Structures are given as structure tokens and as C-alpha cells.
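One-letter residues, chain by chain:
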Amino acid sequence: MNYSLRFHTSNDWTETVLNNFDAFLLDHATCEKKASGMAMSMVSHYPDRSEIVSQMIDLAIEELHHYREVVKLMRERGLILGADLKDPYVNAFRKSFRSEAQEYLLDRLLIGSIIEARGHERFGLIAEALPEGKLKEFYQAITLSEGRHLDLFVNLAALYFPQQAIDHRLDQLLDVEADIIKSLPFRAALH
């Protein structure tokens, strides 16, 4: 990955999650389900782009596997799935999408990459903070898995767009993402 997030998550967020880990698990499950759905949405919207189709099918399966594993952890804790709640981070980020088809595709790929980077960072913080045991091992594995996605969307963008256009828009979107993260209150949720 040739970029980094411009605002790093504070320890206060990690403490908020650890203090209400059940709520975090519920949100995590929702995030994995939505990530799988997003990947399949990309397949539906870009069926003529074989690289996107292939990579997004693999991603959808992996995210759905994560969803299943989080649901198992929830059941062990006596939790049940609830209705999906809107994600203020993702909804704020969606406002950055441009409407022209090619620009929209570039934005979708780059925002996907930044969201993966934020998830990787935050899962890593959770993995580090949890005590030794099953949950820590799970979040260490999730962090590694998310790390494999860091370049996925940017690499796909490079197949369809000039590097200069990618770099310019990524620079803009990293600033947008930092402002969104700074503005959101801490909650026991991934974003």
C-alpha cells in the first residue's frame, strides 16, 4: 500500500469498544455482511470487467466467512443479530462519490480501499488490546485478513485509470476520510 491514513484512531476508541464489546460484535457482524454485499454489488454493476468480477467474488466469500465466524462468537456470548443500523462513517463517505460513471467507479474503488485500511487499523488495535484467548486470536486473524485487502481496490483502479488520476483522487479522499473520523463520536463500532 503506497498511502497511509491521515488520522490515527485514539486509545479512547479502543477503550470504548472494550467497555461494550457485545455491541462491537453486533456492529462487526453487520460490517462483514455489508462488505460481502458491497463486493457482490460491484460484480452486478461491472459484469464486463472480469478483473473486478473475479476479485469481488473472492472478497464476498471471504467477508461472508468472517460474518459467519462473528455470528458464532455472538452466539457463544448469548447475543442475537439485530436490525442493521446505518453506519455514519460510510454514509458520510458516500457523499464524496462523484456522479459521472468513470469517476464513480474510481471513487468506489478508492473509498473501498480506505475503508479496508481503516478496518485493518482498528481490528489491529482491538487484537492488541484484548487479553490472551480466543477473541484475541480471532481478531489477530481478522487483522491479517484485512491486511491482504489493503491493495486490492487500488490495484483494481490501476487497471482502469492512470496513476496520476488515482493519486490525485486518493489524496483528496484521504483528507475527506480523516475529517469524517475526527468528527464522529466514539462508539462501540468499527467506524
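Everything that follows concerns the structure shown earlier in this document.
Residues numbered from 1 in each chain as written. Predicted model: local features only at pLDDT ≥ 70, side-chain atom pairs only at ≥ 80, totals over all residues. Heavy atoms only, no water.

### Side note on a nonpolar patch on the surface
Thinking step 1. Taken together, the side chains of Met40, Ile57 and Ile61 define a hydrophobic patch exposed on the protein surface, amounting to about 260 Å² of accessible area.
Thinking step 2. According to the relative accessible area criterion, isoleucine 57 is partly exposed, its value standing at 33%. (Patch = residues over 30% accessible without salt bridge, like charges linked within 9 Å, V, L, I, M, F, W, Y side chains within 5 Å. Areas by Shrake-Rupley, 256 points an atom, 1.4 Å probe, with all protein chains shown as cover. Salt bridge = Lys/Arg side-chain N within 4 Å of Asp/Glu carboxyl O. Buried < 20%, exposed > 50% of the residue type's maximum accessible area, 1.4 Å probe, protein only.)

### A few points about the packing of aromatic side chains
Thinking step 1. Using the criterion set out here, one finds eight aromatic pairs in the structure.
Thinking step 2. An angle of 80° between the planes, with centres 6.3 Å apart, marks the rings of tryptophan 13 and phenylalanine 24 as edge-to-face. Note that tryptophan 13 is positioned in helix α1 (residues 11–19) and phenylalanine 24 in helix α2 (residues 21–45), a separation of 11 residues in sequence. Like tryptophan 13, the residue phenylalanine 24 is buried in the burial classification.
Thinking step 3. Site record: aromatic cluster; members linked through ring pairs are Trp13, Phe21, Phe24, Phe123, Phe138 and Tyr139.
Thinking step 4. Against the face of tyrosine 160 rests arginine 49, its NZ or CZ located 4.7 Å from the ring centre.
Thinking step 5. The ring of tryptophan 13 is capped by arginine 122, whose NZ or CZ atom sits 4.6 Å from the centre of that ring. (Phe/Tyr/Trp six-rings, centres within 6.5 Å; stacked < 30°, edge-to-face > 60°. Helix = DSSP H or I, 4+ residues; strand = E, 2+ residues; numbered from the N terminus. Lys NZ or Arg CZ within 6 Å of the ring centre and 35° of its normal.)

### Overview of the nonpolar core
Thinking step 1. Formed by 34 residues in total, the largest nonpolar core has its most connected members in Met56, Leu109, Leu110 and Ile114.
Thinking step 2. Excluding anything up to four places from it in sequence, leucine 110 contacts Val154, Ala157, Ile166, Arg169, Leu170 and Leu173.
Thinking step 3. Membership of the second largest hydrophobic core comes to 24 residues, among which are Trp13, Cys31, Met74 and Leu130. (Core = buried A, V, L, I, M, F, W, Y, C linked by side-chain atoms within 4.5 Å. Contact = heavy atoms within 4.5 Å.)

### Description of the side chain of aspartate 27
Thinking step 1. You can see aspartate 27 is positioned in helix α2.
Thinking step 2. Buried charge without a salt bridge: aspartate 27, with arginine 187 as the nearest opposite-charge side chain at an N-O distance of 4.4 Å. (Lys, Arg positive; Asp, Glu negative; His and termini not counted.)

### Quick word on helix α3 (residues 50–76)
Thinking step 1. Between its terminal C-alpha atoms α3 stretches 40 Å, which fits the 39 Å expected from 27 residues at 1.5 Å a residue.
Thinking step 2. Within α3, the full set of buried residues consists of Ile52, Val53, Met56, Leu59, Ala60, Glu63, His66, Tyr67, Val70, Val71, Leu73 and Met74.
Thinking step 3. Residues of α3 that are buried make contact with α2, α5 (101–129), α6 (134–147) and α7 (152–160).
Thinking step 4. Of the residues trailing α3, glycine 78 is marked for its positive phi of about 80°. (Expected span 1.5 Å × (residues − 1).)

### Structural notes on the packing of α5 against α7
Thinking step 1. Remark: α5 packs on α7, axes separated minimally by 7 Å, with the N-to-C direction vectors making an angle of 160°. Comparing their axes, α7 and α5 come out roughly antiparallel. For the element pair α5 and α7, the recorded crossing hand is left-handed. Contact residues: α5 offers Leu106, Leu109, Leu110, Gly112, Ser113 and Glu116, while α7 offers Phe153, Val154, Leu156 and Ala157.
Thinking step 2. Of the residues belonging to the contact of α5 with α7, the class tally is seven nonpolar, two polar and one charged. (Axes fitted to C-alpha atoms, helices over the stretch in contact; angles between N-to-C directions. Parallel < 35°, antiparallel > 145°, perpendicular 65-115°, else oblique. Left-handed = near helix turned anticlockwise from the far one by under 90°. Nonpolar A, V, L, I, M, F, W, Y, C, P; charged D, E, K, R; others polar.)

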